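Breakdown of the fold
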Amino acid sequence: MTPLPPVAARSRKPKPTAPGVHYRVVAHSTQSHLFAITLSIAKPAARQRVRLPVWIPGSYLVREFAQHLQHLRALQGEQPMLLKQLDKNTWQVESDTALPLTLTYEVYAFDASVRTAFLDATRGFFNATSLCLRVIGQEDTPHQLEVTPQNLPAGWQLATGLTPQQVDAAGFGTYLAADYDELADCPVELGTFWSGAFTARGVPHRFVVSGAGGWLDGAQLLADTQRLCEAQIDFWHGTQEKAPFSHYLFMLHASGEGYGGLEHRNSTALIGKRTDLPRLGEKKAATEKNGPMPALKATDGYTTLLGLISHEYFHTWNVKRLRPAEFKRYNYDRENHTELLWLFEGFTSYYDDLFLRRTDLIDDATYLNLMTKTVNQVQQTPGQRVQSVAQASFDAWLKYYRIQENTPNATVSYYTKGALVALCLDLTLRAEGKGSLDAVMRELWARSDAGGAGGPIREADVARALKRVGGRAFETELRHWAHGTADLPTLSLLAQAGAKVHLEKAPLAQQLGLRVSETNGAIALKNVLRGGAAEAAGMAAGDEWLGVEFAPDQGRQPVEAWRVNRLDEVNALRGTRAKLTALVSRDKRLLRCPLVWPEPTQAVKLSVADAGLLAHWLSAAR
Ligand SMILES: [Zn+2]
């Protein structure tokens, strides 16, 4: 017989309590670009510390979000409490632990990127890493976020990946996060955005677009995105398992210029060019294979946008769940170094375009054009001989994210070279008849620390997964490709896989060892590449190339000198002469740089040689 519980205990059934950490976010005013935040802590510590993150996961740079925080005050009831700043992003309040503690502050929000926060009369957006002070000691308790429409223009809506608790039809109200990490991983979009929805493999997906006009072909955008989502869910889970999220949100801000995205656990924030979006009335090329909604014959811009969508969605698995061991728990107060971004960003970059091909959103020729760009970008970066992709990953905080004039000489992109490492591994596995990189990714997913659901991994896990799928050790490849600075066997593997490799003359700037911008009739030198002709001539980043001078031919006088406005004019004026003097302006001084015209260097161009072989490479493998 089971004893009955004491009557008193039965009658004292606990009521569901409100979370101990509650944020109320109000627009102070759209004109001042200020959000006003009220943070309520139900049970504060005697010395309660609060901290604002210095970085946002996915964007590997210390951005010091506290620089935008102001007017911080602490109250218990009506009583102002003693508040002390301990370091750049930490404050401490002396509080009575028996009473709730309230902190109020403002955050300036006028960065249109996906990484921080923005507010004006047209749109609002924020990441909790910019707005929500972390309550030290209570990070793992439920967090409530309340966003009100107060002071916002009429008709605004709210979209976020957070779980709604009590919200109105426009989305304003209270949301719940299981802990601070979830709150930090669910950005919020505010405004009069376009909104659409679809279901992919049983999972509801919503797509909101801000900054677009009535010309937007939302149905096309939804249809193409849905194909990508279904293909990626099938990639990771086949048709048996479910996706590891119950709903997903795309937040795209269409802007005049700009491009970028940030991945989150069940959402992504994207920025794309307005002109890259599909427009109503644009001609669509229907093919039977593509089903009822034909794929848009993608323009270059739309292909770029779909590639971004594909990239960030792939991250939902590859970096948000399957992730470097160092990201097991983010440390929001400092750099979180890992040597594995070549896998988490590079492999994601390999698969983003590959999924465009696998879902017939682009054809073979377009796919190879995109691959051509990646191959040339790596080849034309002197930094590939200085840093391995593992080092570039570790140093992302210091080098890749701090772009300056010497960046191409000092570092290699773990995105582009990482994508080529993925390509080389995939083509090697396929050529040896031992599976594919697809199988390696699923092997990693199945065997990570989380036991079959993605989770923290180390490079040793990558080596083990390659060995299990490939039937042999891949340590040599990993050592040379991920930790070395020599060329990858990209071109020979591509040729074996059905691509034709042509070599053509590199663009003029590349031949001279330069990256330039040519605007308003001025040639501005952005980068001078290591070992190139421009470096040998003494030209420097920041110079303006004004003119050229040629020494007199025998018997001919005087010196021949010309003003130039574009780089191709230099070449035309040169004719067949091997030497010239470049006239440049640096810090208002005019300098003469003796330039020896270099032998032509070559760039790669890929095209289709054998469509059958290509199909074998580009198709999904199980
Ligand atoms: Zn990425």
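How each quantity is defined
Residues numbered from 1 in each chain as written. Predicted model: local features only at pLDDT ≥ 70, side-chain atom pairs only at ≥ 80, totals over all residues. Heavy atoms only, no water. Helix = DSSP H or I, 4+ residues; strand = E, 2+ residues; numbered from the N terminus. Rg over C-alpha atoms; globule rule 2.2 N^0.38 Å. Buried < 20%, exposed > 50% of the residue type's maximum accessible area, 1.4 Å probe, protein only. Areas by Shrake-Rupley, 256 points an atom, 1.4 Å probe, with all protein chains shown as cover. Axes fitted to C-alpha atoms, helices over the stretch in contact; angles between N-to-C directions. Parallel < 35°, antiparallel > 145°, perpendicular 65-115°, else oblique. Left-handed = near helix turned anticlockwise from the far one by under 90°. Contact = heavy atoms within 4.5 Å. Nonpolar A, V, L, I, M, F, W, Y, C, P; charged D, E, K, R; others polar. Donors = N, O, S within 2.8 Å, 3.2 Å for Na, K, Ca; no water. Phe/Tyr/Trp six-rings, centres within 6.5 Å; stacked < 30°, edge-to-face > 60°. Pairing = 2+ DSSP bridges. Expected span 1.5 Å × (residues − 1). Core = buried A, V, L, I, M, F, W, Y, C linked by side-chain atoms within 4.5 Å. Polar contact = N/O pair within 3.5 Å; in protein donor to acceptor, adjacent residues only side chain to side chain.

**A few points about the overall build of the protein chain**
Within the protein chain, the secondary structure is distributed over 18 helices and 31 strands. Relative to the compact-globule value of 25 Å for 622 residues, the protein chain shows a C-alpha radius of gyration of 28 Å, a close match. Each principal axis of the C-alpha atoms in the protein chain carries an extent, and together these give about 110 × 60 × 50 Å. Sorting the 622 residues of the protein chain into buried and exposed places 54% on the buried side. Summing over all exposed atoms, the protein chain offers an accessible surface of approximately 27600 Å²; the carbon and sulfur share of this is 53%.

**A closer look at the packing of helix α7 (residues 364-379) against helix α18 (residues 611-618)**
How two helices pack is summed up by the angle between their axes together with the distance between the axes. Running from amino to carboxyl end, α7 crosses α18 at an angle of 65°, the nearest separation of the two axes being 12 Å. Taken together, the axes of α7 and α18 are roughly perpendicular relative to one another. Crossing geometry of α7 relative to α18 is assigned as left-handed. Contacts between α7 and α18 pair D364, Y367, L368 and M371 from the former with A611, L614, W617 and L618 from the latter. Counted by class, the contact of α7 with α18 contains 7 nonpolar, no polar and 1 charged residues.

**Structural notes on the coordination of the zinc ion**
Metal coordination angles have textbook ideals: 109.5 degrees for a tetrahedral set of four donors and 90 or 180 degrees for an octahedral set of six. Protein-derived coordination of the zinc ion comes from H311 (NE2), H315 (NE2) and E345 (OE), at a distance range of 2.0 to 2.1 Å. Read from N- to C-terminus, the donor residues coordinating the zinc ion fall into the pattern H-x3-H-x29-E. A residue pair is termed long-range when its members are at least 10 positions apart, and H315 in helix α5 (residues 300-315) and E345 in helix α6 (residues 341-358) qualify at 30 residues. E345 sits in the buried class, given a relative accessible area of 2%.

**Points about the packing of aromatic side chains**
Inspection of every chain in the model, using the stated rule, returns 36 aromatic pairs. Note on F245 and Y313: the rings are 6.1 Å apart at their centroids and 80° apart in plane angle, and the pair reads as edge-to-face. Taken as a pair, F245 in the loop between α4 (218-237) and β19 (248-255) and Y313 in helix α5 lie far apart in primary sequence, 68 residues in all. For F245, a relative accessible area of 6% translates into the label buried. Look at Y400 and Y414: their rings are 5.0 Å apart centre to centre, the planes differ by 50°, and that puts the pair in the tilted class.

**Observations concerning the pairing of strand β27 (residues 544-550)**
Most of β27 is tucked away, with 5 of its 7 residues classed as buried. Of the strand pairs in this sheet, strand β26 (residues 522-528) and β27 are connected by 2 bridges, and their pairing is antiparallel. Residue pairing in the sheet places I523 in a bridge with W545 of β27. Note: β27 against strand β28 (residues 560-563), 4 bridges, orientation antiparallel. Residue V548 lies in a different strand from β28, and its bridge partner there is W562.

**A few points about the pairing of strand β17 (residues 194-200)**
Strand direction decides the pairing type here: β17 and strand β18 (residues 203-210), joined by 7 bridges, are antiparallel. Bridged to T199 within β18 is P204. Between β17 and β18, which follow one another and run antiparallel, lie 2 residues, and R201 among them has a positive phi close to 50°.

**Here we look at α6**
For α6, built from 18 residues, the straight-helix expectation of 26 Å at 1.5 Å per residue is met to within 8% by its first-to-last C-alpha distance of 24 Å. Counting buried positions along α6 yields 18 of 18 residues, so the element is predominantly enclosed. A positive phi of about 60° marks D360, the residue just after α6.

**A word on the nonpolar core**
With 150 residues, the main nonpolar core has Y23, W342, Y350 and W617 as its most contacted residues. Listed in part, the 23 residues of the second largest apolar core include L514, A537, V548 and V570.

**Some points on the sheet that holds strand β9 (residues 117-119)**
Pairing in this open sheet of 4 strands is antiparallel, and the strands run β9-β10-β16-β13 from one edge to the other. Looking along the sheet, the strands with just one partner apiece sit at the ends: β9 and β13 (157-160). The sheet shows a mean angle of 15° between the axes of neighbouring strands, taken without regard to direction. As paired elements, β9 and strand β10 (residues 123-126) share 3 bridges and run antiparallel to each other. Within β10, the position partnered with L119 by the bridge is G124.

**Re the side chain of T90**
Of note, T90 is situated in strand β7 (residues 90-94). Here T90 falls in the buried class, since its relative accessible area comes to 1%. For T90, the side chain forms a polar contact with the side chain of R51, separated by 2.8 Å. T90 has contacts with R49, V50, R51, K84 and Q85, leaving out every residue within four places of it along the chain.

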